[in-house]
Amino acid sequence: MLKWGILSTAKIGVKDVIPAIFRSENSVVEAVASRDLTRAQNVADQFGIPQAFGSYDELLACDDIDAVYIPLVTSEHAEWTINAANAGKHVLCEKPMALKADDIHAIILAADRNKVVVSEAVMITYHPQWLKVRELIASGAIGELTHVQSAFTYFNDDASNMRNIPELGGGALLDIGIYPIAATRFATGKEPHRAMSEIKFDETFGTDTYSSSRIDFGDFELSMYVSTQMAHRQSIVFHGDKGWIELSAPFNAGKYDADCVTLHNAAHNKVETFRFIDINQYTEQADAFTRMVVNEVQPDGIEVLSLESSYNNQKVIDTLFTASIIETWTQV
């Protein structure tokens, strides 16, 4: 059993990841830490976690911990991922791994130096619906892929929320822009060459609250918009010359809608639906990460997200910010 420590009592950890680890085949949560010991103890009591710490350093110094999950604010991800790696802990860190792609170089060095597994928690790539999409595209089920269209939006105008605080790494692109980008790269195995984007910023918060982007992969294009001040919506369509693939809940599977992949043919006379029942992508993520740590090999059919892939995702987001300033196509 891999013994996990949770670095923070953030909502996503308490609501999604801690329960998911407890449901996994080969993991257990051994400790939780907060800068406030009372908060850590409350979470420990809620889940029956054996140990609670009043500082992150105390948890990293604990010999009972094999791996840590980091759901801190975005601006602290790189720092504490490196600290955890230097403490000899394997690390699963919430996305985005860093504020800029270049910041990930130091994380790669720390992981290599300490011989630990470090991965970004892009949970969607562990869901079997995305394995099915990748399989369908590779098999030619939609013919030649020409266009990917995606949207991911929600409404949040809470001034105290880190997503609306620039210095903490707030903004739509850093928070949710990674999903269409990572999903497209994962499903196609292709890398983008150039991008362009129009970005709008909130006058009060100073964060980007809307962006509309085009990302050129050479053979096909991804068009996407993301927003933190629009009604909740998520969608993605892979469109080829012989059909198209649509996901009902591409990013928040099991929460936004039912987990299903629909394949349409070009003649509009055949539809196949692939349904995935009772799948928790956070549990799938924990299982895959643990197998990678314990067996030192990629699990069958599952790719534990590499830091190099995280770098490539973040590089696209960096490019979108640059492209919005110079208002033209920009090389990724």
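Coordinates for the structure precede this section.
What follows is about the packing of helix α7 (residues 172–188) against helix α9 (residues 307–326). Running from amino to carboxyl end, α7 crosses α9 at an angle of 120 degrees, the nearest separation of the two axes being 9 Å. By the criterion of interaxial angle, the relationship of α7 to α9 is oblique. As for how α7 packs across α9, the hand of that crossing is right-handed. Residues L173, L174, G177, I178, I181, A182 and R185 of α7 pack against S309, N312, N313, Q314, V316, I317, L320 and F321 of α9. For the contact of α7 with α9, the class distribution of residues is nine nonpolar, five polar and one charged.

The subject of this paragraph is helix α5 (residues 104–114). What α5 keeps buried is the set I104, I107, I108, A110 and A111. Angularly, the buried residues of α5 cover 165 degrees about the axis, an arc narrow enough to put them on a single face. In α5, the exposed positions that point more than 90 degrees away from the buried face belong to L109, D112 and R113. In the core, the buried residues of α5 are packed alongside α4 (77–86), β6 (118–120) and α9. Immediately downstream of α5, the backbone of K115 shows phi near 55 degrees, a positive value.

This part covers the pattern of salt bridges. One pass over the full model with this rule turns up eight salt bridges. Of the charged contacts, one joins K255 and D16 as a salt bridge, the two residues approaching to 2.7 Å between their closest N and O atoms. Taken together, the residues K255 in the loop between β12 (243–247) and β13 (260–265) and D16 in helix α1 (residues 11–23) connect sequence positions 239 residues apart. Classification of D16 by relative accessible area gives buried; the value is 11%.

Along the chain, the position of A286 falls in helix α8 (residues 281–295). Classification of A286 by relative accessible area gives buried; the value is 2%. In this structure, the C-alpha to C-alpha distance between A286 and D158, residues 128 residues apart in sequence, is 31 Å. When sequence neighbours within four positions are dropped, the list of residues in contact with A286 reads I21, S24, N26 and S27.

What follows covers the side chain of S150. Note on placement: S150 falls in strand β7 (residues 145–155). A distance of 2.9 Å separates a polar side-chain atom of S150 from the backbone oxygen of S235. Here S150 is in contact with P180, L222, S223, M224, Y225, S235, I236 and F251, once residues within four sequence places are set aside.

Counting buried positions over the six residues of β13 gives six, a clear majority of the element. The alternating pattern of β13 places C260, T262 and H264 and V261, L263 and N265 on opposite faces, both of which are buried. Where β12 lies against β13, five bridges are found, and the strand directions are antiparallel. By the bridge assignment, G243 is partnered in β13 with N265. Following β13, the chain reverses through five residues before pairing antiparallel with strand β14 (residues 271–275); H268 in that reversal takes a positive phi of roughly 60 degrees.

Strand order in the open sheet formed by nine strands is β14-β13-β12-β11-β7-β10-β9-β8-β15, with mixed pairing between adjacent strands. Looking at which strands have only one partner, the edges of the open sheet turn out to be β14 and β15 (330–331). Running at roughly 170 degrees to β12, helix α6 (residues 128–138) makes contact with β11 (229–240), β12, β13 and β14 of the sheet. Strands β7, β8 (194–201), β9 (208–216), β10 (221–227) and β11 of the sheet are contacted by α7, whose axis makes an angle of about 155 degrees with β10.

The next point concerns the sheet that holds strand β1 (residues 2–7). Strand order in the open sheet made by the six strands is β3-β2-β1-β4-β5-β6, with parallel pairing throughout. Looking at strand neighbours, the two that pair on one side only are β3 (51–53) and β6, the edges of this open sheet. Strand-to-strand twist in this sheet, taken as the mean axis angle between neighbours without regard to direction, amounts to 25 degrees. Relative to strand β5 (residues 90–93), strand β4 (residues 67–70) runs parallel, the two being bridged by four bridges. Looking at β5, one finds that Y69 is bridged to L92.

Calculation notes
Residues numbered from 1 in each chain as written. Predicted model: local features only at pLDDT ≥ 70, side-chain atom pairs only at ≥ 80, totals over all residues. Heavy atoms only, no water. Axes fitted to C-alpha atoms, helices over the stretch in contact; angles between N-to-C directions. Helix = DSSP H or I, 4+ residues; strand = E, 2+ residues; numbered from the N terminus. Parallel < 35°, antiparallel > 145°, perpendicular 65-115°, else oblique. Left-handed = near helix turned anticlockwise from the far one by under 90°. Contact = heavy atoms within 4.5 Å. Nonpolar A, V, L, I, M, F, W, Y, C, P; charged D, E, K, R; others polar. Buried < 20%, exposed > 50% of the residue type's maximum accessible area, 1.4 Å probe, protein only. Arc of directions from axis to C-beta. Salt bridge = Lys/Arg side-chain N within 4 Å of Asp/Glu carboxyl O. Polar contact = N/O pair within 3.5 Å; in protein donor to acceptor, adjacent residues only side chain to side chain. Pairing = 2+ DSSP bridges.

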